[in-house]
Amino acid sequence: MGKIQDITGTTGVLGLIGNPVRHTMSPLIHNTISEEMGKDLRYLPFPVEEDVTAAVKGAYHLGILGLNVTVPHKTAVMGTLSEIDDAAKMIGAVNTLVRTERGYKGYNTDMPGLGRALKRRGISLKGQQVVILGAGGASRAACALALTEGAKEIYLLNRTKERAEKLAAEMTEKADALAGEKAAPGRIIPLAASEYARVPRNPSIFIQCTALGLHEGDGLLIEDDNFYHMAEYGYDLVYNPAVTPFMRKLESFMIPCDNGLTMLLYQGIIAYELWTGVSVPDELADKVLNRMERRLYGENYVLTGYMGCGKSTVGKALAEARSMAFLDTDAMIEEAEDCSIREIFEEQGEEAFRDMETEMLKRLSATAVNTVIATGGGIVLRPENRRLLKEIGQVIWLSASPEETLHRVKEDTGRPLLDSASEAELAEKIERMLRERGPAYGAAADRVIHTDGREIAEIVKLISGE
Ligand code: NAP
C-alpha cells in the first residue's frame, strides 16, 4: 500500500465531490487510514462545478464505493440519493454517500464528528446550557448535536437575528424525529448577537460556528469579555489559524478550548467507518490528526548527526528563524528520567537508553508540529528509529569530518561514549564511530548538509532552502 504502483484492478475508489476541492484535507485523512489499516482503497478529489446529479450517477456506474460531498452540493445532492439518514434529514445537508444496492445512501457526519471531537475532550452536552455562535450551515450540525445529546437549553446567537429564528424553528420542528425516545429535545432560544446579555449567566459550553477568525483582523461576534466568563469550555469550528480570536479570548481567562480540526478529523473517520465497516482505533486517529496539523500549521525538521555536528545550535537558530518550536531528544529524556545521559548509561546501560529514545520518537511522531527536533547521536542505529524519524518530519543529517568533530568535542566531558585517555585515542575513536555510523545516518536522512567551514546562519539558510 502507499505507492501509486500498488494500484491494481481490484483497488477500490473513494472520493470527494465539490467545488473548489483544491485545498481539501480529506485525501490526507482517508488515504492515511487506508494505508495504516492495510485497505486497498484510494481517495481522490473530484471537482464538480454544476451538475451534481450527473456526477453522482456517473460515480455510481463507475463503481465508486463512497463519496464525501462538500460546498456547494451538500443540499442539492439529497435529490439524487436512494435513501437519507434521519440526522442528515434534520440537518438538511448530506456530506457522505454510502453505496448500497439501489444507489447511494446519504449521511451527515459533521454532527457526530463534532460529538466525537467534544467527547475526546471529555465534554458532554447532556443537561448543559449550550451557547452556539452563528446560524449558518455549520451551526445546524451543532444545534442538532445539542438537541440529540439532550442539552438543557441552547442559545443560538447570530449577527442576523432572522436567520437564527428560522434555524431554531426548523430544528425544533425536526427534533422529535431525531431524538426518538432517547432524549427529550432541549429548547433553542434564538437571539441577535447584540442581545447577548439575555443569556442566563450559568456555566455553559460555547460552540463558535461563525466564519469569524478565518481572516486576518477578524474580531469576535460578541466583544464583551464578561460574556465569556460563563464558558466552561469552548469549541471553535474554525481551525485555521490554529489559535482563533475566540480561543485567544477564552485562553486569556484560562478556559479550556479547542479548534475545529478534530471535528474535521472525526467527520472523516465516521465516513470511513460507514464505507468500510471498520472501527478506526484512537491511536490511528491521533496519527491522522498530527499529519493534518503538520500540513496546516507546519512540518517538522529532524536534525541527526554525530556528536559535535551542531544539531542543538543549528536547531535553535533554525527554530528562531522560522518561528518554530525547538526540542532536543536528549534533553527530553534527561527531564523525563530526572538524571543525566551519563547517569543513564552508567546505571542502566546503553540498551535502556536506546529504548527511551524509541519511546520518545513514538511520542513525537504523534504530537510534534512545526518543531525543529535535535536528536541524540546514536538514534539512527535502530532501524525502527530510522522509520520513526522519517515519520516525524524531514530528516537532515548534519555531517562533519572526523577532524572537525574532534575539534568541537574534545573539551566536552558530558559525552559518555567519548571517554578516552588521550587526544590521539579520542581521534581514533571518533574516526571509527563515524565510519561505523555513516551508513545509518545516510539511510535515515532525506538530506545531508556538510557543516565543515560553514557558519550557523549559512546552515540555517541551506535547510530553509533560502
Ligand atoms: P455560512 O453558512 O456561510 O455561515 C456563516 C456564519 O458566520 C453565519 O452565522 C454568519 O452570520 C456568520 N458571519 C460571517 N461573517 C460574519 C461577520 N463579519 N460578523 C458576524 N458574523 C459573521 O458558513 P458555515 O458553513 O456555517 O461555516 C462557518 C464556519 O465553520 C466556517 O469558518 C467553516 O470553515 C467552519 N466549519 C468547520 C467545520 C469543521 O469540520 N471544523 C465544518 C463546517 C464548517 P450571518 O447569518 O449574520 O451572515
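Our subject is the structure that appears above.
Here is what the cut-offs are and how they apply
Residues numbered from 1 in each chain as written. Predicted model: local features only at pLDDT ≥ 70, side-chain atom pairs only at ≥ 80, totals over all residues. Heavy atoms only, no water. Near = heavy atom within 4 Å. Polar contact = N/O pair within 3.5 Å; in protein donor to acceptor, adjacent residues only side chain to side chain. Areas by Shrake-Rupley, 256 points an atom, 1.4 Å probe, with all protein chains shown as cover. 1 Å grid on protein atoms, 1.4 Å probe; cavity = no way out; pocket = protein on both sides within 12 Å on 5 of 7 lines; lining within 4 Å. Sits in = over half its atoms within 2 Å of the grid points. Helix = DSSP H or I, 4+ residues; strand = E, 2+ residues; numbered from the N terminus. Nonpolar A, V, L, I, M, F, W, Y, C, P; charged D, E, K, R; others polar. Pairing = 2+ DSSP bridges. Axes fitted to C-alpha atoms, helices over the stretch in contact; angles between N-to-C directions. Contact = heavy atoms within 4.5 Å. Parallel < 35°, antiparallel > 145°, perpendicular 65-115°, else oblique. Buried < 20%, exposed > 50% of the residue type's maximum accessible area, 1.4 Å probe, protein only. Points joined across faces, edges and corners; volume = space filled by probe spheres on them. Core = buried A, V, L, I, M, F, W, Y, C linked by side-chain atoms within 4.5 Å. Phe/Tyr/Trp six-rings, centres within 6.5 Å; stacked < 30°, edge-to-face > 60°. Salt bridge = Lys/Arg side-chain N within 4 Å of Asp/Glu carboxyl O. Expected span 1.5 Å × (residues − 1). Right-handed = clockwise from strand over helix to strand, strands pointing away.

Undergrad: Where do I start with the site of the ligand in this structure?
TA: Taken together, 21 residues lie around the ligand, and Ala138, Asn158, Arg159, Thr160 and Arg163 are the ones closest in. In this structure, Arg159 approaches the ligand through a side-chain N or O atom, which is 2.8 Å from an oxygen atom. Compared with its free state, where it exposes 920 Å², the ligand has 72% of that area covered by protein. Cavity membership is defined here by more than half of the atoms lying within 2 Å of grid points; on that basis the ligand lies in the largest pocket. Elements supplying a minimum of two residues to the shell around the ligand: α5 (137-149) and α9 (261-276). Split into classes, the residues belonging to the shell around the ligand amount to 12 nonpolar, 7 polar and 2 charged.

Undergrad: Even after reading the chapter, I still don't get the sheet that holds strand β15 (residues 371-374), so can you show me in this structure?
TA: Hydrogen bonds between backbone groups are what pair the strands of a sheet, and the pairing can be parallel or antiparallel. Across the sheet, which stays open at both edges, the 5 strands sit in the order β14-β15-β13-β16-β17 with parallel pairing between neighbours. Across the chains shown, the open sheet's two edge strands, defined by having one partner strand only, are β14 (325-328) and β17 (447-450). Geometrically, the sheet is characterised by an average inter-axis angle of 20 degrees between neighbouring strands, direction not taken into account. Packing against the sheet, helix α11 (residues 311-321) makes contact with β13 (301-304), β14, β15 and β16 (394-399), and its axis sits at approximately 165 degrees to β14.

Undergrad: Teacher, can you tell me more about the packing of helix α10 (residues 282-297) against helix α14 (residues 350-367) here?
TA: Relative orientation and spacing of two packed helices are given, respectively, by the angle between their axes and the distance between those axes. The interhelical angle for the contact between α10 and α14, taken along N-to-C directions, is 60 degrees, at an axis separation of 7 Å. By the criterion of interaxial angle, the relationship of α10 to α14 is oblique. Here α10 contributes Asp286, Asn290 and Arg294 to the contact with α14, which in turn contributes Ser365, Ala366 and Thr367. Taken together, the residues that form the contact of α10 with α14 break down as 1 nonpolar, 3 polar and 2 charged.

Undergrad: Would you mind showing me how to read the pairing of strand β11 (residues 231-236) here?
TA: Successive side chains on a regular strand alternate, one facing one side of the sheet and the next facing the other. When you tally the buried positions in β11, you get 5 out of 6 residues, the bulk of the element. Bridge analysis of strand β10 (residues 204-208) against β11 gives 5 bridges, and the strand direction is parallel. Among the inter-strand pairings, Phe206 is bridged to a residue of β11, identified as Gly234. In terms of strand pairing, β11 meets strand β12 (residues 257-259) through 3 bridges, oriented parallel. The partner of Asp236 across the bridge, within β12, is Asn259.

Undergrad: Quick question: what am I supposed to make of empty space enclosed by the protein here?
TA: On inspection of all chains with the given rule, the structure shows 1 cavity of 30 Å³ or more. As for the largest cavity, its lining consists of Gln208, Thr210, Leu212, Gly213, Gly219, Leu220, Leu221, Asp236, Pro245 and Phe246.

Undergrad: Looking at this structure, I do not really get the nonpolar core. What am I missing?
TA: The tendency in soluble globular proteins is for nonpolar side chains to be buried side by side. In terms of nonpolar packing, the biggest core is built from 64 residues, with Leu114, Leu118, Leu125, Ile132, Ile207 and Met292 touching the most fellow members. Excluding residues that lie within four positions of it along the chain, Ile132 makes contacts with Ser139, Ala142, Cys143, Ile154, Tyr155, Leu156, Leu157, Ile207 and Cys209. Ranked by size, the runner-up nonpolar core spans 33 residues in total, among them Val302, Ile341, Ala368 and Leu426.

Undergrad: What is the right way to look at the packing of aromatic side chains in this model?
TA: Each aromatic ring pair is described using two quantities: the centre-to-centre distance and the angle formed by the ring planes. This model, assessed by the stated rule, comprises 9 aromatic pairs. Centre to centre, the rings of Tyr60 and Tyr104 are 5.2 Å apart; their planes meet at 90 degrees, and the pair counts as edge-to-face. Of this pair, Tyr60 sits in helix α2 (residues 52-61) while Tyr104 is found in strand β6 (residues 103-107), placing the two residues 44 residues apart along the sequence. Overall, Tyr60 belongs to the buried group, its relative accessible area being 19%. Between the aromatic rings of Phe206 and Tyr228, the centroid separation amounts to 6.0 Å while the plane-to-plane angle is 45 degrees, which identifies the pairing as tilted. In this pair, Phe206 sits in strand β10 while Tyr228 sits in helix α7 (residues 225-228), placing the two residues 22 residues apart along the sequence. Residues Phe206 and Tyr228 agree in their burial class; the two are buried. Counting every residue linked through ring pairs, the aromatic cluster contains Tyr196, Phe206, Phe227, Tyr228 and Phe246.

Undergrad: Just to check I follow, could you spell out the pattern of salt bridges for this structure?
TA: Side-chain pairs of opposite charge can arise where the charged atoms are in close proximity. For the coordinates displayed, the defined rule picks out 29 salt bridges. Residues Glu83 and Lys105 are paired through a salt bridge, measuring 3.5 Å at the closest nitrogen-oxygen approach. Linking Glu83 in strand β4 (residues 83-84) with Lys105 in strand β6, this pair joins segments that are 22 residues apart in sequence. Relative accessible area serves as the criterion here: at 33%, Glu83 is assigned to the partly exposed category. In this structure, Glu351 and Arg382 form a salt bridge, with 2.9 Å as the shortest nitrogen-oxygen distance. In this pair, Glu351 sits in helix α14 while Arg382 sits in the loop between β15 and α15 (383-392), placing the two residues 31 residues apart along the sequence. Accessibility expressed as a relative area gives 17% for Arg382, which makes it buried. Bridged by salt links that share partners, the residues Glu36, Lys287, Arg291, Arg387 and Glu391 form one connected network.

Undergrad: How should the layout of surface pockets be read in this particular structure?
TA: To find leftover empty space, a probe the size of one water molecule is rolled over the atoms. By volume, the largest pocket is sized at about 1600 Å³. In this structure, the largest pocket is lined by 49 residues; those nearest its centre are Thr70, Val71, Lys74, Ala138 and Tyr239. Broken down by secondary-structure element, the contributors of at least two residues to the lining of the largest pocket are β3 (66-69), α5 and α9. Take the lining of the largest pocket: its biggest share by element is 4 residues, from α5. Residues belonging to the lining of the largest pocket are distributed by class as follows: 24 nonpolar, 19 polar and 6 charged.

Undergrad: What should I look at first to understand α5 in this one?
TA: Every α-helix carries 3.6 residues per turn, so stepping three or four residues along brings you back to the same face. Over its 13 residues, α5 extends 19 Å from the first C-alpha to the last, a length consistent with the 18 Å expected when each residue adds 1.5 Å. Most of α5 is tucked away: 10 of the 13 residues are buried. Among the residues making up α5, those that are buried are Ser139, Arg140, Ala141, Ala142, Cys143, Ala144, Leu145, Ala146, Leu147 and Thr148.

Undergrad: Explain the pairing of strand β7 (residues 129-133) here, please?
TA: In terms of burial, β7 is largely enclosed, as 5 of its 5 residues are buried. On β7, burial covers both faces: Gln129, Val131 and Leu133 on one face and Val130 and Ile132 on the other are all buried. Here 5 bridges tie β7 to strand β8 (residues 153-158), and the two strands are oriented parallel to one another. Note on β8: the bridge partner recorded for Val130 is Ile154. Traced from β7 through α5 to β8, the parallel crossover comes out right-handed. Sheet topology places β7 next to β10; 5 bridges connect them, and they run parallel. By the bridge assignment for β10, Gln129 is matched with Ser204.

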